[in-house]
Amino acid sequence: AEFAGDLCSKKLKGKTMLAIIGGSGLTQLSCLEISHRQIIRTPYGEPSGPLTFGKLHGEDIVFLARHGHGHTIPPHAINYRANLWALHSLKPAHVISVASVGGIRADLTPGKLVVPNQIIDYTYGRNFTFFEGKDQPVTHIDFTQPYSQQTRALLLQAASNAYEAIFDGGVYAATQGPRLETAAEINRLERDGADIVGMTGMPETALARELGLSYATLAVVANQAAGRGVNVNAIPLKEIHTVLEQAMVRVRNILEHVVNC
Ligand code: HPA
């Protein structure tokens, strides 16, 4: 990657910090030496849970479980603004979002890891911007490249250093959930050019950009999307837990190399 040189990232040393938003299957980081947890209030309400501060291989990082402690907050009810605002207040050098997804493209089978480079928003009724309210000037962010190139490159380099296979690029379709999609909906997303589908990518990715955060997503394929693969008539929900459990071992390995490299 073109950023590989300055990536592995002395910038993380010292005061700057990595923030990790953990999704389904990554509600905690086992290797994290926890120093403290902190409940943070924001002008937008409370984040999904307390922020967990600690050291990962000697580096200060902060972790937030997107769906809350005990995985109780569904995708449409997550307070994305509070989550991003709280992390932004810590001025992290990078924000890495871990998110489980369905694989639409045939080679994106359960357990595969993807660092998407594009996103399409199919969500609705969520609080999707900080730029609203009385006396706020109209603001349009550039979102041509929705993810930070630097953070993507950092993830890809870390995966390479960790000897973990990972897909560089892909289009993430953000759906409303909490139900999974119909086969026809997946066909439509595929025609739109989507490679993976998840429920939390938006508005999280856009809010990160509004705050100027260096944000990228590490997507973990939990299942083949509806109507795909061998299980054309139903998604085998019982298998997802095991797939994620096994994949998160590799995700943790990559995250350790993010701070290590
Ligand atoms: N669709 C949407 N979101 C998901 C899926 C899926 O198949 N799997 C994991 N998150």
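Bear in mind the structure is a predicted one, so any value in this text is a computation, not a measurement. (Residues numbered from 1 in each chain as written. Predicted model: local features only at pLDDT ≥ 70, side-chain atom pairs only at ≥ 80, totals over all residues.)

Participant: I'd like a rundown of the overall build of the chain, residues and numbers included.
Facilitator: A count of helical and extended segments in the chain gives six helices and eleven strands. For a compact globule of 261 residues, the expected C-alpha radius of gyration is about 18 Å, and the chain comes in at 17 Å, within 12% of that figure. Based on the C-alpha atoms only, the size of the chain along its principal axes is roughly 50 × 50 × 40 Å. Taking all 261 residues of the chain together, the buried fraction comes to 47%. (Helix = DSSP H or I, 4+ residues; strand = E, 2+ residues; numbered from the N terminus. Rg over C-alpha atoms; globule rule 2.2 N^0.38 Å. Buried ≥ 20, exposed ≤ 12 C-beta atoms within 10 Å, placed from the backbone.)

Participant: Could you give an account of the UniProt feature "binding site: phosphate" (unreviewed entry) in the chain, naming the residues involved and the relevant values?
Facilitator: UniProt's entry tags Ser-24, Arg-66, His-67 and Thr-200 with the feature "binding site: phosphate" (unreviewed entry), counted in the numbering of this structure. Their sequence span is 177 residues, while the largest C-alpha to C-alpha distance among them is just 10.3 Å; these annotated residues converge on one region. Discounting chain neighbours no more than four positions away, the residues touching Arg-66 are Ile-21, Gly-22, Gly-23, Ser-48, Ile-78, Asn-83 and Thr-200. When you line up the elements, His-67 lands in the loop between strand 4 (59-65) and helix 2 (80-88). (UniProt positions renumbered as here; feature names shortened; annotations may be inferred. Contact = placed C-beta atoms within 7 Å.)

Participant: Outline the packing of helix 3 (residues 149-161) against helix 6 (residues 237-260), supporting the account with residue identities and numerical values.
Facilitator: The geometry of helix 3 relative to helix 6 is characterised by a closest axis approach of 8 Å and an angle of 110 degrees between their N-to-C directions. Considering the angle they form, helix 3 stands roughly perpendicular to helix 6. On helix 6, the residues that touch Leu-154, Leu-155, Ala-158, Ala-159 and Asn-161 of helix 3 are Ile-254, His-257 and Val-258. Within the contact of helix 3 with helix 6, the residues separate by chemical class into six nonpolar, two polar and no charged. (Axes fitted to C-alpha atoms, helices over the stretch in contact; angles between N-to-C directions. Parallel < 35°, antiparallel > 145°, perpendicular 65-115°, else oblique. Nonpolar A, V, L, I, M, F, W, Y, C, P; charged D, E, K, R; others polar.)

Participant: So what's going on with helix 3? Residues and values would help.
Facilitator: Its 13 residues place the ends of helix 3 18 Å apart at the C-alpha level, agreeing with the 18 Å of an ideal helix rising 1.5 Å per residue. Regarding helix 3, the residues found buried are Thr-151, Arg-152, Ala-153, Leu-154, Leu-155, Leu-156, Gln-157, Ala-158 and Ala-159. (Expected span 1.5 Å × (residues − 1).)

Participant: Just give me the short version of the pairing of strand 3 (residues 51-56), but keep the residues and values in it.
Facilitator: Across five bridges, the pairing between strand 2 (residues 33-38) and strand 3 is antiparallel. Counterpart to Glu-33 in the pairing with strand 3 is Lys-55. Of the pairings in the sheet, the one linking strand 3 to strand 4 comprises five bridges and is antiparallel in character. The partner of Lys-55 across the bridge, within strand 4, is Asp-60. What sits between the antiparallel neighbours strand 3 and strand 4 is a turn of two residues, in which His-57 has the positive phi angle 50 degrees. (Pairing = 2+ DSSP bridges.)

Participant: If you had to explain the confidence of the model for the chain to someone new, which residues and values would you point to?
Facilitator: For the chain, the average pLDDT comes to 91, and 93% of its residues sit at 70 or higher. Contacts of residues 1-7 to residues separated by more than four positions or lying in other chains number eleven contacts, the stretch itself having pLDDT below 50. When the criterion is pLDDT under 50, residues 9-13 qualifies, and its contacts beyond four places in sequence or with other chains add up to seven contacts. This complex was scored by the predictor with a pTM of 0.93 and an ipTM of 0.99. (pLDDT = per-residue confidence, 0-100.)

Participant: Any details on the site of the ligand? Residues and values, ideally.
Facilitator: Taken together, Ser-100, Val-101, Gly-102, Thr-175, Leu-180, Glu-181, Val-197, Gly-198, Met-199, Ala-222, Asn-223 and Ala-225 are the residues near the ligand. Contributions of two or more residues to the shell around the ligand are made by strand 5 (94-103), strand 10 (196-198) and strand 11 (215-224). The leading source of residues in the shell around the ligand is strand 5, at three residues. For the shell around the ligand, the per-class residue count stands at six nonpolar, five polar and one charged. (Near = placed C-beta within 6 Å.)

Participant: So what about the nonpolar core? Which residues, and what values?
Facilitator: Among the nonpolar cores identified, the biggest contains 75 residues, and Leu-155, Ile-196 and Val-220 are the most heavily contacted of them. Looking at which element gives the most residues to this core, the answer is helix 6, with nine residues. For Ile-196, the contacting residues outside a window of four places in its chain are Val-101, Gly-102, Gly-103, Ile-104, Leu-108, Val-114, Pro-116, Gly-170, Tyr-172, Ala-219 and Val-221. (Core = buried A, V, L, I, M, F, W, Y, C linked by C-beta atoms within 7 Å.)

Participant: Report on the environment of Ala-65, specifying residues and quantitative values.
Facilitator: With respect to the secondary-structure elements, Ala-65 resides in strand 4. The residues touching Ala-65, leaving out its near neighbours within four places in the chain, are Gly-22, Thr-27, Ser-48 and Gly-49.

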